[in-house]
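Listed below are the residues making up each chain.
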Amino acid sequence: MISVTCIAPVNIAVIKYWGKRDEDLILPLNDSVSATLSTDHLRTKTTISACENYEANKILLNGIEESFENPRLVRCLNEMKKLAGRSSKCNPRILGWKVHVETENNFPTAAGLASSASGYACLVYALACLYGIENEEISSIARQGSGSACRSLYSGFVKWCKGQLPDGSDSIAVQLTSHEYWPEMRILILVVNDSRKKTSSTGGMSTSVKTSKLLKHRTEQCVPQHTKGLEEALRNKDFETFGKITMQDSNQFHAICLDTYPPCVYMNDVSHAIVNMIHRFNDLKDSIRVAYTFDAGPNACLYLLQKDVEEVIAVINKVFPNDSIGSSEYIKGIPTNLPEVTDLTNKFTPVGRNMLKYIIHTKVGEGPKRIANDSLI
Ligand code: DP6
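Conventions used here
- Residues numbered from 1 in each chain as written.
- Predicted model: local features only at pLDDT ≥ 70, side-chain atom pairs only at ≥ 80, totals over all residues.
- Heavy atoms only, no water.
- Core = buried A, V, L, I, M, F, W, Y, C linked by side-chain atoms within 4.5 Å.
- Buried < 20%, exposed > 50% of the residue type's maximum accessible area, 1.4 Å probe, protein only.
- Helix = DSSP H or I, 4+ residues; strand = E, 2+ residues; numbered from the N terminus.
- Domains from an automatic or database assignment.
- Contact = heavy atoms within 4.5 Å.
- Expected span 1.5 Å × (residues − 1).
- Polar contact = N/O pair within 3.5 Å; in protein donor to acceptor, adjacent residues only side chain to side chain.
- Salt bridge = Lys/Arg side-chain N within 4 Å of Asp/Glu carboxyl O.
- Lys, Arg positive; Asp, Glu negative; His and termini not counted.
- Near = heavy atom within 4 Å.
- Areas by Shrake-Rupley, 256 points an atom, 1.4 Å probe, with all protein chains shown as cover.
- Nonpolar A, V, L, I, M, F, W, Y, C, P; charged D, E, K, R; others polar.

1. Structural notes on the nonpolar core
Within the largest apolar cluster, 62 residues are counted, with the highest numbers of intra-cluster contacts made by L190, F242, I274, M277, L302, I316 and L356. Here this core gets seven residues from one element, more than from any other, and that element is helix α8 (residues 269-285). Counting only domains with at least three residues in this core, you end up with domain 1 (2-182) and domain 2 (185-363). In contact with L190, other than residues within four places in its own chain, are I274, M277, N299, A300, L302, I316, L356, Y358 and I359. Counting 37 residues, the second largest nonpolar core, distinct from the first, contains M80, I94, V124 and L130.

2. Quick look at helix α7 (residues 239-259)
For α7, with 21 residues, the first-to-last C-alpha span of 30 Å sits near the 30 Å given by 1.5 Å per residue. The opening residue of α7 is D238, an N-cap whose side-chain oxygen sits 3.3 Å from the backbone nitrogen of E240.

3. Regarding the pattern of salt bridges
Pairs can form between side chains of opposite charge once their charged atoms are near each other. Throughout the structure, instances matching the rule amount to 15 salt bridges. Residues K159 and E231 are paired through a salt bridge, measuring 2.9 Å at the closest nitrogen-oxygen approach. Taken as a pair, K159 in strand β10 (residues 157-160) and E231 in helix α6 (residues 214-235) lie far apart in primary sequence, 72 residues in all. For the pair shown, K159 and E231 are each scored as buried. The residue K216 makes a salt bridge to E220 at a minimum N-O spacing of 3.0 Å. Taken together, the residues K216 and E220, both in helix α6 and four residues apart, mark about one turn of the helix. Note on K216: relative accessible area 54%, which makes it exposed.

4. So, the side chain of R186
Inspection of the secondary structure puts R186 in strand β12 (residues 185-191). Buried and unpaired, R186 has no salt bridge, with E184 as the nearest side chain of opposite charge at 7.5 Å.

5. Focus: the site of the ligand
Close to the ligand lie 18 residues; Y17, K20, S146, G147 and S148 are nearest. Interatomic distance of 2.6 Å between a side-chain N/O atom of Y17 and an oxygen atom of the ligand. Between S146 and the ligand, the recorded distance is 2.7 Å, taken from a side-chain N or O atom to an oxygen atom. Summarising the interface, the protein chains cover 94% of the accessible area of the ligand, which totals 460 Å² for the free molecule. In terms of residue count, the dominant contributor to the shell around the ligand is helix α5 (residues 201-211) (three residues). Its residues assigned to classes, the shell around the ligand shows seven nonpolar, six polar and five charged. Each of two domains, domain 1 (2-182) and domain 2 (185-363), supplies a minimum of three residues to the shell around the ligand.

6. Comments concerning unusual backbone geometry
For the bond running from Y261 to P262, omega is -5°, close enough to zero to count as cis. Looking at the secondary structure, you find P262 in the loop between α7 and α8. Phi angles above zero are rare outside glycine, and K237 is one such case at about 45°. Topologically, K237 is positioned in the loop between α6 and α7. Not every positive phi belongs to a glycine, and N354 is a case in point at roughly 55°. Mapping N354 onto the fold places it in the loop between β15 (331-333) and β16 (358-363).

7. Examining the environment of T202
Looking at the secondary structure, you find T202 in helix α5. Judged by its relative accessible area of 35%, T202 falls in the partly exposed class. Taking the C-alpha atoms as reference points, T202 and S146, separated by 56 residues in sequence, lie 8.7 Å from one another. If sequence neighbours within four positions are ignored, T202 has contacts with K20 and R72.

Structure (structure tokens):
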């Protein structure tokens with residue numbers, strides 16, 4: 001029997017992927033850009049073993065057995081075996097063995113916190129380690145598990161290039177910056193609701209492609225401009241431009257969701273109250289200090305610089321008072337001092353109590369890693 005255990009990060013897009021040109025191969029209509037988040041706070045951990053005595057492939061997700069019949073899962077396994085076969089780095093006998101996969105997330109699954117991204121990135125990376133091909137280009141295989149998963153294979157800021165070839169071989173992720181490139185960058189995830197979401201990203205974007213008349217304009221005109229501007233902002237470490245494009249791209253993505261018929265409504269009243277709070281904060285500072293972005297769920301992901309974290313948390317605590325403020329279970333991740341009430345916080349009024357479940361304070365991080373002696377099986 002052979003076995004490996006790996007961890008893989010979550011990524012949060014600042015230029016959103018929304019819409020496929022090929023649903024089977026998971027080929028996107030537009031490029032997208034994301035930041036990989038630190039595995040210290042959010043990660044998937046997967047152990048894969050292969051054994052000649054295993055009778056069937058098996059997968060356990062957070063301790064519960066799931067069906068291996070899932071076509072995306074089967075395709076990732078088969079494509080990895082093909083790649084390993086071609087590379088001749090793996091004993092062909094091993095490629096004939098069945099696998100047992102055990103995977104767990106240390107954050108709520110399918111709550112709009114990109115669990116499919118870290119999940120498929122971890123699966124594909126662990127298979128690569130199992131078969132000795134971790135240095136091959138595997139992002140085009142992770143993409144076939146879940147589109148956004150291809151971006152979780154790299155550290156730092158990452159671009160998924162949509163590609164042009166019909167077989168999808170050029171639809172791959174590339175690293176734009178290392179995770180150490182902009183060390184002051186911080187991320188605050190405001191968890192509004194961590195129950196399972198109602199419309200999956202897969203279902204939502206498929207309906208958008210069929211029904212939204214605005215989507216074509218977004219993918220052809222707006223995303224290329226946003227991507228160019230964002231890459232330039234990263235090169236110049238220009239937070240003002242980075243933040244503005246991030247917010248505009250998120251707002252446009254949710255506008256597409258509303259233009260979808262029937263509409264996909266992912267943001268809720270608390271999400272919109274967060275948007276208002278951030279714009280008010282930036283207005284009072286006379287510059288963009290914090291940017292929000294929302295995926296296919298109500299949780300906010302805020303990008304900001306380390307110097308502003310305490311003041312932003314003070315404002316969040318004022319606008320969203322919570323009975324758990326002060327507990328380490330409320331603000332998880334990078335430790336923060338409980339901030340003082342300031343002249344600035346006095347300019348905000350509370351929206352309502354206990355509207356946020358918890359906050360995760362994290363930063364840009366590294367890609368997947370093999371870890372020793374920590375098997376889940
Ligand atoms: C809103 O990658 O989950 O998070 O490819 O169908 O598995 P599938 O979709 P998925 O979609 C993610 C959409 C998004 C934006 C993004 O991450 O770019």
